[in-house]
Amino acid sequence: MSVCRRLLVGKLLLTLALTAALAHAALAAPPTPALAGQLTWNDRTRPYDFVITVTPAQVDICAGSDAFFTVDVGQVGNSTDPVTLSASGQPAGASASFVPNPVTPPGSSSLAIGGTAAALPGSYTVTVVGAAGALVHDDAVILNVSNAQPALPTLLAPANGALNVVVRPTFTWNQAAHATAYDIEVGTDPDFSYVAAAAGGVVGVSWTPDSDLDLGTVYYWRVRAVNGCGITPYSSAFTFTTAPAPTPTEPPTGVQLSRLESDRRPQAARGWLPAVLLLTAAAAAVYQRRSHTWPR
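The present account deals with the structure reproduced in this document.

### Description of the overall build of the protein
Turning to step 1, where the next piece is worked out: What the protein contains, in helices and strands, is two helices and 21 strands.
Turning to step 2, where the next piece is worked out: Relative to all contacts within the protein whose residues are 6 or more apart in sequence, the contacts with residues 24 or more apart total 58%.
Turning to step 3, where the next piece is worked out: In the structure as shown, the protein presents an accessible area of about 18,600 Å², 59% of it carried by carbon and sulfur atoms.

Shown next, in the form of structure tokens:
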């Protein structure tokens, strides 16, 4: 065996010996402690966590009433560490209680916000925090507190009696005192026996339907205000008429027309052509054939 070949075989044997020694040391070493957010299993680590979701996104109450939310704690991986819940942002003097607390994922808890009799009217952002060791997550919801019935809204647009209104109008009204949301109806008769479009719990003072109304149709619309203390009657209805349907194009009078039916022609070439032009072209073709002298 040559010297070069002996050196190559020696290096290979040395590499194999070192690899075996490292593998033996790794198996003999104690498991590496898990970091925050990890579980140790068969000397390997895998992530674990939880997620927190609070519903509904908004609750309206009258001062003195309790508000209720559901807190869902979802499981990521196989985590079973208890999640401790807390809340902040509720009205001054109000209490927040969770049942149960803590929650083992996957699980849920009921959040009750009480003691709101002295709460000032307004909108509050309530933040729910869940903590499991070093892991912390949160979710936020809205609590609207009122202390009086809402006022009746005033309609703005489309104006009463408006004509040629687009088929997908934006309805607007004024901000009614103490209102936190609005309901709107659009019908084809003053009694609203047929409602063509409607929405409930609209936040803000405008709304656009998801689909078009009919062309050339008389519509009626009305709005009512909502809050945690009650709902107003509907406002007096406004009426409007949508733009008429386009008038079909009529052929010229006094000339007989022929319709080109071939769909293979370009759009610009389709339409009505005076029959007299077609007859003239045909007559010219016949005359050309008759007047041509063929060689004998």
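### Quick word on the packing of aromatic side chains
Turning to step 1, where the next piece is worked out: In the structure shown here, the tally under the stated rule is six aromatic pairs.
Turning to step 2, where the next piece is worked out: Relative to Phe240, the ring of Tyr219 lies with its centre 5.7 Å away and its plane at 25 degrees, an arrangement referred to as stacked. Here Phe240 lies in strand β19 (residues 238-242) and Tyr219 lies in strand β17 (residues 218-227), a separation of 21 residues in the sequence.
Turning to step 3, where the next piece is worked out: With a relative accessible area of 1%, Phe240 lands in the buried category.
Turning to step 4, where the next piece is worked out: Grouped by ring-pair contacts, the aromatic residues Phe171, Trp207, Tyr219, Trp221, Phe238 and Phe240 constitute a single cluster.

### Describing the side chain of Arg222
Turning to step 1, where the next piece is worked out: Looking at the secondary structure, you find Arg222 in strand β17.
Turning to step 2, where the next piece is worked out: Among the polar contacts made by the side chain of Arg222, one reaches the side chain of Glu185 at a distance of 2.8 Å.

### Details of the side chain of Thr232
Turning to step 1, where the next piece is worked out: Relative to the assigned elements, Thr232 resides in the loop between β18 (230-231) and β19.
Turning to step 2, where the next piece is worked out: Judged by relative accessible area, Thr232 falls into the buried class, the value being 7%.
Turning to step 3, where the next piece is worked out: Of note is the side chain of Thr232, whose polar atom sits 2.9 Å from the backbone nitrogen of Ala225.
Turning to step 4, where the next piece is worked out: Excluding residues that lie within four positions of it along the chain, Thr232 makes contacts with Pro150, Ala151, Leu152, Pro153, Arg224 and Ala225.

### Some words on the state of the cysteines
Turning to step 1, where the next piece is worked out: Applying the stated criterion across every chain yields a total of one disulfide.
Turning to step 2, where the next piece is worked out: The disulfide partner of Cys62 is Cys229, and the gap between their sulfur atoms is 2.0 Å. When the S-S torsion is 85 degrees, as for the bridge of Cys62 with Cys229, the disulfide is right-handed. Of this pair, Cys62 sits in strand β4 (residues 58-62) while Cys229 sits in the loop between β17 and β18, placing them 167 residues apart in sequence.
Turning to step 3, where the next piece is worked out: Looking at Cys62, the relative accessible area reads 22%, which means it is partly exposed.
Turning to step 4, where the next piece is worked out: Residue Cys229 is classed as buried on the basis of its relative accessible area, which comes to 17%.

### Focus on the sheet that holds strand β5 (residues 67-76)
Turning to step 1, where the next piece is worked out: Taken in spatial order, the four strands line up as β3-β5-β8-β7 in an open sheet, and their pairing is antiparallel. On the outer flanks of this sheet lie β3 (49-55) and β7 (95-99), each paired with one strand and no other. In this sheet, adjacent strand axes meet at a mean angle of 25 degrees when their direction is disregarded.
Turning to step 2, where the next piece is worked out: With five bridges joining them, β7 and strand β8 (residues 107-114) adopt antiparallel strand pairing. For Val99, the partnering residue across the bridge sits in β8 and is Ser110.

### Examining the sheet that holds strand β9 (residues 122-132)
Turning to step 1, where the next piece is worked out: If you trace the four strands from one edge of the open sheet to the other, you get β4-β10-β9-β6, paired in mixed fashion. This sheet does not close on itself; its edge strands, each paired only once, are β4 and β6 (84-88). Ignoring which end each strand starts from, the neighbouring axes of this sheet average 25 degrees apart.
Turning to step 2, where the next piece is worked out: With five bridges connecting them, β6 and β9 associate as antiparallel partners. Within the sheet, the bridge partner assigned to Leu85 lies in β9 and is Gly130.

### A few points about the pairing of strand β14 (residues 181-187)
Turning to step 1, where the next piece is worked out: Within β14, seven of the seven residues are buried, leaving the element largely enclosed by the surrounding structure.
Turning to step 2, where the next piece is worked out: Judged by which residues are buried, β14 turns out to be covered on both faces: Ala181, Asp183, Glu185 and Gly187 on one side and Tyr182, Ile184 and Val186 on the other are all buried.
Turning to step 3, where the next piece is worked out: Taken together, the seven bridges between β14 and β17 define a ladder with antiparallel strand orientation. From the neighbouring strand, Asp183 faces β17, where its bridge partner is Arg224.
Turning to step 4, where the next piece is worked out: Examined bridge by bridge, β14 and strand β15 (residues 195-202) share five bridges and lie antiparallel to one another. Bridge pairing in β15 links Glu185 to Ala198.

Each value, and the rule that gives it
- Residues numbered from 1 in each chain as written.
- Predicted model: local features only at pLDDT ≥ 70, side-chain atom pairs only at ≥ 80, totals over all residues.
- Heavy atoms only, no water.
- Helix = DSSP H or I, 4+ residues; strand = E, 2+ residues; numbered from the N terminus.
- Contact = heavy atoms within 4.5 Å.
- Areas by Shrake-Rupley, 256 points an atom, 1.4 Å probe, with all protein chains shown as cover.
- Phe/Tyr/Trp six-rings, centres within 6.5 Å; stacked < 30°, edge-to-face > 60°.
- Buried < 20%, exposed > 50% of the residue type's maximum accessible area, 1.4 Å probe, protein only.
- Polar contact = N/O pair within 3.5 Å; in protein donor to acceptor, adjacent residues only side chain to side chain.
- Disulfide = S-S within 2.5 Å.
- Pairing = 2+ DSSP bridges.
- Axes fitted to C-alpha atoms, helices over the stretch in contact; angles between N-to-C directions.

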